[in-house]
Structure formats: C-alpha cells, structure tokens
Amino acid sequence: VEQSTSEVLIEAFDEWRRDHSKRTLQTDLLAPLLGRWNISVYRLDLGYNECPSGLLSQVSAGYSAYFFVPRDAKRRGLKVQRLKKLDPKFDKVLSFLRKHSEVRLDSAAILAELETKVRNRERQQWVSEFLQAWGLRESLAVGAIGVLGFFLARMRQTRTRCHPTDEDGHAGHREASSS
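A short tour of the structure in this document, coming up. Just so it is clear, the structure is predicted and the values come from calculations on it, not from any experiment.

## Points about the pattern of salt bridges
Considering all chains together, one arrives at 9 salt bridges under this definition. Salt-bridge contacts for Arg43 lead to Glu11; the nearest nitrogen and oxygen are separated by 3.1 Å. Highlighted residues: Arg43 in strand β2 (residues 39-45) and Glu11 in strand β1 (residues 7-13), separated in sequence by 32 residues. When its relative accessible area of 28% is taken as the criterion, Arg43 is described as partly exposed.

Here is the structure:
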C-alpha cells in the first residue's frame with residue numbers, strides 16, 4: 001500500500017461494527033467512483049489481522065475508521081493520514097479525501113452520485129428480499145390479480161361507451177313517442 005502508484009483510501013474496521021451492511025454497501029459503490037481519479041479503495045477487517053502491524057493505528061471495537069495513503073508514500077517519506085472521526089458520514093470521508101489527495105475531487109458531485117447509487121441498490125435489495133419472503137408464486141399470483149382487475153375495469157369502461165344510458169340511467173333504446 002505504501003508503495004502504490006495510486007492514492008489509497010482504506011476503510012479499517014473491527015469485526016463488531018454496528019452499521020456493517022450500509023457502510024459496506026457505501027464503500028463498495030464508492031470504490032468505482034474514486035477509481036475514475038486513480039484512487040484505490042481497500043476494506044480491512046482488523047479483527048482478522050488483515051493489516052500489517054504498524055501501518056494503521058487501532059480502531060475501537062464496533063467502529064470503522066478511514067485512512068489515506070498518498071501515492072508512493074514510502075519513497076516520498078509521507079505518512080498515512082487518519083480521519084479522526086469514527087463511523088463518519090460519507091460527506092466527511094470525501095472531504096477528508098479531498099483535503100489529502102493530489103487530485104481535486106468534486107466531493108459534492110461524487111456524494112450525490114453515491115447517494116443515488118446507494119438508494120437504487122437498496123431498492124433492488126428490498127425487491128429481492130420481498131420476492132424471497134413472499135415467494136415467486138405468491139408474487140406472480142398477486143400480479144396476475146392486479147392485471148385481471150385492470151382488464152375487468154377496462155371492459156366495464158368499454159361496455160359503458162358502447163351502450164349509453166338514457167336520462168333515467170337505464171341502458172337501451174327509447175321507444176318512439178307517439179305524437
């Protein structure tokens with residue numbers, strides 16, 4: 001990492017972190033966005049000793065911390081920077097990154113794109129979980145009932161147009177009045 005030719009953002013976490021699924025999703029979706037600027041993103045689980053000792057400082061149990069490693073840090077004599085706040089919101093992570101990166105990031109635009117991607121992915125996950133919870137047959141049955149209801153309403157509307165009602169509200173023809 002210290003000899004990387006790209007800048008690096010590291011999410012280091014303890015295995016007991018509280019907001020695991022949301023933060024993991026955000027980091028997963030942030031990585032390709034930052035890749036556009038040649039910034040690599042790594043996630044290290046410190047509970048499984050994935051990090052060489054001495055590179056990153058400890059992270060309190062249940063939290064995530066973010067570190068920035070400049071490109072060629074070891075050769076250039078630069079140190080790893082740590083965001084002081086644990087479990088920060090991603091606007092803080094992007095501000096931290098913008099502060100230390102050589103690249104000038106538009107953190108507001110990246111955050112907006114990230115939030116959109118997160119919402120879309122959460123919606124996809126919700127639909128998937130819904131289908132799994134209900135089962136495919138039940139979901140198809142409910143959908144078929146909805147389609148059937150739509151066609152019945154449509155037929156009723158078409159029938160009303162074909163057979164207009166008289167003033168009394170009865171369908172049919174008026175008898176010719178005798179004069």
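## Quick notes on the layout of surface pockets
Here the largest pocket defines a volume of roughly 170 Å³. Surrounding the largest pocket, 13 residues form its lining, Lys22, Gln26, Phe90, Leu111 and Glu115 being those nearest its centre. Among the elements of the structure, α1 (20-35), α3 (90-100) and α4 (107-134) are those that each provide at least two residues to the lining of the largest pocket. Per-element accounting of the lining of the largest pocket gives the leading share, 6 residues, to α4.

## Topic: the side chain of Gln26
Relative to the helices and strands, Gln26 resides in helix α1. Here Gln26 falls in the buried class, since its relative accessible area comes to 16%. If we ignore the near neighbours within four places in the chain, the residues touching Gln26 are Phe90, Leu114 and Val118.

## Some points on the sheet that holds strand β3 (residues 64-69)
Taken in spatial order, the 4 strands of this open sheet run β2-β1-β3-β4, and their pairing is mixed. Looking along the sheet, the strands with just one partner apiece sit at the ends: β2 and β4 (81-82). As defined by bridge partners, β3 adjoins β4 across 2 bridges and the pair is classed as antiparallel. By the bridge assignment, Phe67 is partnered in β4 with Arg82. Most of the contacts of α1 go to β2, to which it runs at about 155°, and overall it touches β1, β2 and β3. The sheet contacts of α3 involve β1, β2, β3 and β4, and relative to β3 the element is tilted by about 20°.

## Some points on α1
For α1, which comprises 16 residues, the first-to-last C-alpha distance of 22 Å matches the rise-based estimate of 22 Å (1.5 Å per residue) to within 8%. Close packing links the buried residues of α1 with β1, β2, β3, α3 and α4.

## Let's talk about unusual backbone geometry
Most peptide bonds adopt trans geometry, and most residues besides glycine take a negative phi value. Phi is positive for Asn38, close to 60°, though the residue is something other than glycine. Within the fold, Asn38 resides in the loop between α1 and β2. The backbone phi angle of Asp72 is positive, close to 45°, even though this residue is not glycine. Residue Asp72 is classed as buried on the basis of its relative accessible area of 15%.

## Section: the packing of α1 against α3
Helix-helix packing is described using two parameters, namely the angle between the two axes and the distance between the axes. Contact pair α1 / α3: the axes reach a minimum separation of 12 Å and the direction vectors enclose 35°. The interaxial crossing formed by α1 with α3 has right-handed handedness. Packed against α1, whose contacting residues are Arg23, Gln26, Thr27, Leu30 and Leu34, the element α3 presents Phe90, Leu94 and Leu97 at the interface. In terms of residue class, the contact of α1 with α3 is made up of 5 nonpolar, 2 polar and 1 charged.

## Let's talk about the pairing of β3
Across the 6 residues that make up β3, a large majority, 6, are buried. As paired elements, β1 and β3 share 6 bridges and run antiparallel to each other. For Phe13, the partnering residue across the bridge sits in β3 and is Ser64.

## Some words on a nonpolar patch on the surface
Taken together, the side chains of Trp126, Val127, Phe130, Leu131, Trp134 and Val142 make up a nonpolar region of the molecular surface, amounting to roughly 570 Å² of accessible area. Top contributing element to the nonpolar patch by residue count: α4, with 5 residues. Among the secondary structure elements, Val127 is positioned in helix α4.

Scoring rules and cut-offs
Residues numbered from 1 in each chain as written. Predicted model: local features only at pLDDT ≥ 70, side-chain atom pairs only at ≥ 80, totals over all residues. Heavy atoms only, no water. Salt bridge = Lys/Arg side-chain N within 4 Å of Asp/Glu carboxyl O. Helix = DSSP H or I, 4+ residues; strand = E, 2+ residues; numbered from the N terminus. Buried < 20%, exposed > 50% of the residue type's maximum accessible area, 1.4 Å probe, protein only. 1 Å grid on protein atoms, 1.4 Å probe; cavity = no way out; pocket = protein on both sides within 12 Å on 5 of 7 lines; lining within 4 Å. Points joined across faces, edges and corners; volume = space filled by probe spheres on them. Contact = heavy atoms within 4.5 Å. Pairing = 2+ DSSP bridges. Axes fitted to C-alpha atoms, helices over the stretch in contact; angles between N-to-C directions. Expected span 1.5 Å × (residues − 1). Left-handed = near helix turned anticlockwise from the far one by under 90°. Nonpolar A, V, L, I, M, F, W, Y, C, P; charged D, E, K, R; others polar. Patch = residues over 30% accessible without salt bridge, like charges linked within 9 Å, V, L, I, M, F, W, Y side chains within 5 Å. Areas by Shrake-Rupley, 256 points an atom, 1.4 Å probe, with all protein chains shown as cover.

In short, the description is geometric, and any link to function would need to be established separately.
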